[in-house]
Amino acid sequence: MVAALLRDVALVAVGVAGLWVGAGQFVTGASRLAGRLGVSGLVIGLTVVSFGTSAPELAVTVDAALTGEADISVGNVVGSNVVNLGVVLGGTALVRRLPVDADLVRRDGVLMVLTVVALLAVLRDLTVTRAEGALLVAGLAGYVLLLARTDGDAAGPAVEPDPFRRSDVARLLGGLAVVVVAAHLLVVGAVSTAADLGVSEWAIGATVVALGTSTPELVTSVAAAARGEADLAAGNVVGSCVFNVLGVLGAASVLQPLTVGPAAFTGALWLLSVSVVATGLLWSRRALSRPEGALLVALNAVDWVVAFLGR
């Protein structure tokens, strides 16, 4: 029993480490390309960086869906968004007060809340069909087009001044390959760990797996905040949350329709509450203070306690 648990935990650890390394290489190459093309810092955070750091969520969610682990698949999406808003956004604000662009709050913060409302609508019958997944993906395409149309008015220089090099192509492709392999290891380890500990796959997916796949967002946002790039730090979180619901869950359900337990709808309700609180805090003073960051971290902790108490 103990040996099996240690083996499964080791698989989870290797998977998380692989996701962190692979996503880091992927984001570096993608950010340099976007910077060279003259994309604004806010839009890089909302699209290139946030989509890149969501690559682990995409790989894990799709892998879990294809292997019949629907609760881990959806739990990873819901849990990752709670972690993004609680641990990543809140934790980053603890490092440094985060002033944010008004567009981020008015447009993207509100849209983030609306995507969670859409998620609740999809999960009302505890299934996500291929048609519903296609609608979610279509919503993501519309969001990207909206950003492309408004990018000309975005303020600020590109975040990454370094030129794009041929070696970055290798980073893009190599990083993606590492992410895919690491995601499979993480899913296998997580399923086995849940069985070893006697907890539900939802609890593992919404906590351990979600935290593991959100590691790139945490590293990216904290580093950006430390450099004074608040738009990138906050935009990374908001963009990742939108991408997780529309792109990650949408793509997974298109490949494999998902049927989940009641905990999925309850978890999505909690995510809606956290999303509204986070957007409200950003809206109040166009910034996130350290006490407000501590509140978001606390909300994440409550989510984890509830997940494990429900087992």
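Placed above this text is the structure.
Computed from a prediction, not measured in an experiment: that's the story for all the values here.

Novice: Before we go on, may I ask you to explain unusual backbone geometry in this structure?
Specialist: Across residues other than glycine, the phi torsion is negative in most instances, and most of the peptide bonds are trans. A positive phi angle, near 65°, is found at Leu-126, a position not held by glycine. Of note, Leu-126 is situated in the loop between α5 (102-123) and β2 (127-128). Taking the relative accessible area as the measure of exposure, Leu-126 reaches 22% and is therefore partly exposed.

Novice: Explain the environment of Asp-8 here, please?
Specialist: With respect to the secondary-structure elements, Asp-8 resides in helix α1 (residues 2-36). The buried category is assigned to Asp-8, whose relative accessible area is 1%. Contact partners of Asp-8, with chain neighbours within four places excluded, come to Gly-189, Ser-192, Thr-193 and Asp-196.

Novice: Looking at this model, I keep getting lost on the side chain of Glu-57. Mind explaining?
Specialist: Within the element layout of this structure, Glu-57 appears in helix α3 (residues 55-66). Exposure remark for Glu-57: the relative accessible area of 0% places this residue in the buried category. When neighbours within four sequence positions are excluded, Glu-57 is seen to be in contact with Asn-76, Ser-80, Thr-213, Ser-214, Glu-217, Asn-244 and Val-248.

Novice: Explanation requested: the side chain of Ser-275 in the structure shown.
Specialist: Relative to the elements of secondary structure, Ser-275 occurs in helix α11 (residues 263-285). The exposure class assigned to Ser-275 is buried, which follows from its relative accessible area of 1%. Sequence-distant contacts of Ser-275, defined by excluding residues within four places in its chain, comprise Leu-85, Met-112, Val-113 and Val-116.

Novice: I tried to follow a nonpolar patch on the surface on my own but got confused; where do I start?
Specialist: A cluster of nonpolar side chains, contributed by Val-110, Leu-114, Val-117 and Trp-283, occupies part of the molecular surface with about 340 Å² of accessible area. Here the element with the most residues in the nonpolar patch is α5; it accounts for three residues. Residue Trp-283 is classed as partly exposed on the basis of its relative accessible area of 39%.

Novice: Where do I start with the pattern of salt bridges in this structure?
Specialist: Close approach of charged atoms allows side chains with opposite charge to pair. What the rule picks out here adds up to one salt bridge. The salt bridge partner of Glu-132 is Arg-124, with a shortest N-O separation of 3.9 Å. Glu-132 gets classed as buried once you look at its relative accessible area, which sits at 14%.

Novice: Help me out: how do you make sense of helix α4 (residues 70-95) in this one?
Specialist: Given 3.6 residues to a turn, an α-helix orients residues that are three or four positions apart in the same direction. Here α4 is 26 residues long and its end C-alpha atoms lie 35 Å apart, about the 38 Å a rise of 1.5 Å per residue gives. Residue Val-83 marks the point of greatest curvature in α4, where the axis turns by about 35°. Within α4, 23 of the 26 residues are buried, which leaves the element mostly enclosed by the surrounding structure.

Criteria and cut-off values
Residues numbered from 1 in each chain as written. Predicted model: local features only at pLDDT ≥ 70, side-chain atom pairs only at ≥ 80, totals over all residues. Heavy atoms only, no water. Helix = DSSP H or I, 4+ residues; strand = E, 2+ residues; numbered from the N terminus. Buried < 20%, exposed > 50% of the residue type's maximum accessible area, 1.4 Å probe, protein only. Contact = heavy atoms within 4.5 Å. Patch = residues over 30% accessible without salt bridge, like charges linked within 9 Å, V, L, I, M, F, W, Y side chains within 5 Å. Areas by Shrake-Rupley, 256 points an atom, 1.4 Å probe, with all protein chains shown as cover. Salt bridge = Lys/Arg side-chain N within 4 Å of Asp/Glu carboxyl O. Expected span 1.5 Å × (residues − 1). Bend = angle between axes of the 7 residues up to and from the residue.

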